[in-house]
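Summary of structural features
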Amino acid sequence: MDPLAPSAIAASRRPLSAEAVAGLVGPTRQLARLEVVGASPSTNTALLAAVADDPDAWPAMSAYVADHQTAGRGRAGRSWATPQGAALTVSFLLRPSVEAAALGWAPLVVGLATVRALRDAGVGAYLKWPNDVVVEAGAKDIPGWGRWRKVVGILCEVVPGSPGSAAGVAIVAGIGINVSQEPGELPVPHAASLASLGASALDRATLMRSLTAHLTDAVAMWELDDEFPRVHAAVSAACASIGWDVTVDQPGGVAVSGRVTGLSLSGALLLSTREGEREVLAGDLHVRRA
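The structure reproduced in this document is the subject of the present report. (Residues numbered from 1 in each chain as written. Predicted model: local features only at pLDDT ≥ 70, side-chain atom pairs only at ≥ 80, totals over all residues. Heavy atoms only, no water.)

Moving on to the packing of aromatic side chains. Scanning all chains against the criterion turns up 2 aromatic pairs. Ring geometry for Tyr126 against Trp148: centres 5.9 Å apart, planes inclined by 85°, an arrangement best described as edge-to-face. A residue pair is termed long-range when its members are at least 10 positions apart, and Tyr126 in strand S6 (residues 126-128) and Trp148 in strand S8 (residues 148-158) qualify at 22 residues. By relative accessible area, Trp148 is classed as buried at 7%. Between Trp148 and Trp244 the ring centres are 5.5 Å apart and the planes differ by 50°, which places this aromatic pair in the tilted class. (Phe/Tyr/Trp six-rings, centres within 6.5 Å; stacked < 30°, edge-to-face > 60°. Helix = DSSP H or I, 4+ residues; strand = E, 2+ residues; numbered from the N terminus. Buried < 20%, exposed > 50% of the residue type's maximum accessible area, 1.4 Å probe, protein only.)

By the secondary structure assignment, Ser12 is in helix H1 (residues 6-12). By relative accessible area, which is 7% here, Ser12 ends up buried. Considering only alpha carbons, one finds Ser12 and Ala205, 193 residues apart in sequence, at a separation of 9.6 Å. A distance of 2.9 Å separates a polar atom in the side chain of Ser12 from the backbone oxygen of Leu202. (Polar contact = N/O pair within 3.5 Å; in protein donor to acceptor, adjacent residues only side chain to side chain.)

Rendered as structure tokens:
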């Protein structure tokens, strides 16, 4: 793919202002509240603290955006940083009206919305269970990833104490989208950005509007989907992991290998192993052959 001109990268990295996305907020709009800050170590950490301090000030579908995130957090305590203005880093507050047993769908529902937003931008994105968005774009295999490259990381966390609050369970859903990083700015070999994939639309405000619209729709489907057949079908259709031969490192250090045959109605991974069918609730998935 031809690299983008430096002028296009520079234009994409202009500061993301509150005014650029102000139209998302209001009684009849998609967001109930939106805070845009110049920099934050972690949007998830900031929003978790704000909601714990004053839950009533943060209704469902509030969002906290940082123009520059300096110490983003991922699963298993991983952290990363991005160049100034090179990523869309946002955390949404969700208060889903679903049973506790359905909360395992949270990262997949958020991932589905993100996949749809990236496809709107012309990127062939898919879900990688349980919380990444990837594109098949590598020129060579990378151990654990094959030719898939990570464009988005998602981290969903329950606000401490929220199940007992009057507002019900609250989930902070953090989304970090690599937008304009050039190859030398990407943190790991298996990462990609919209720019490195050749996307021409790198405006973060436009991406934020698309992401918010799709997340609103995906959460509404999740809440209204009794026993989750629609969510299951939509997520499964967007999930590249189905059909892969994988090893999953489960919490506690137990690894299990097999072929992914699908997802359960709770969002768990279904694996065909030598010992039979297994249901995997959580873990880090590594591609053995895609």
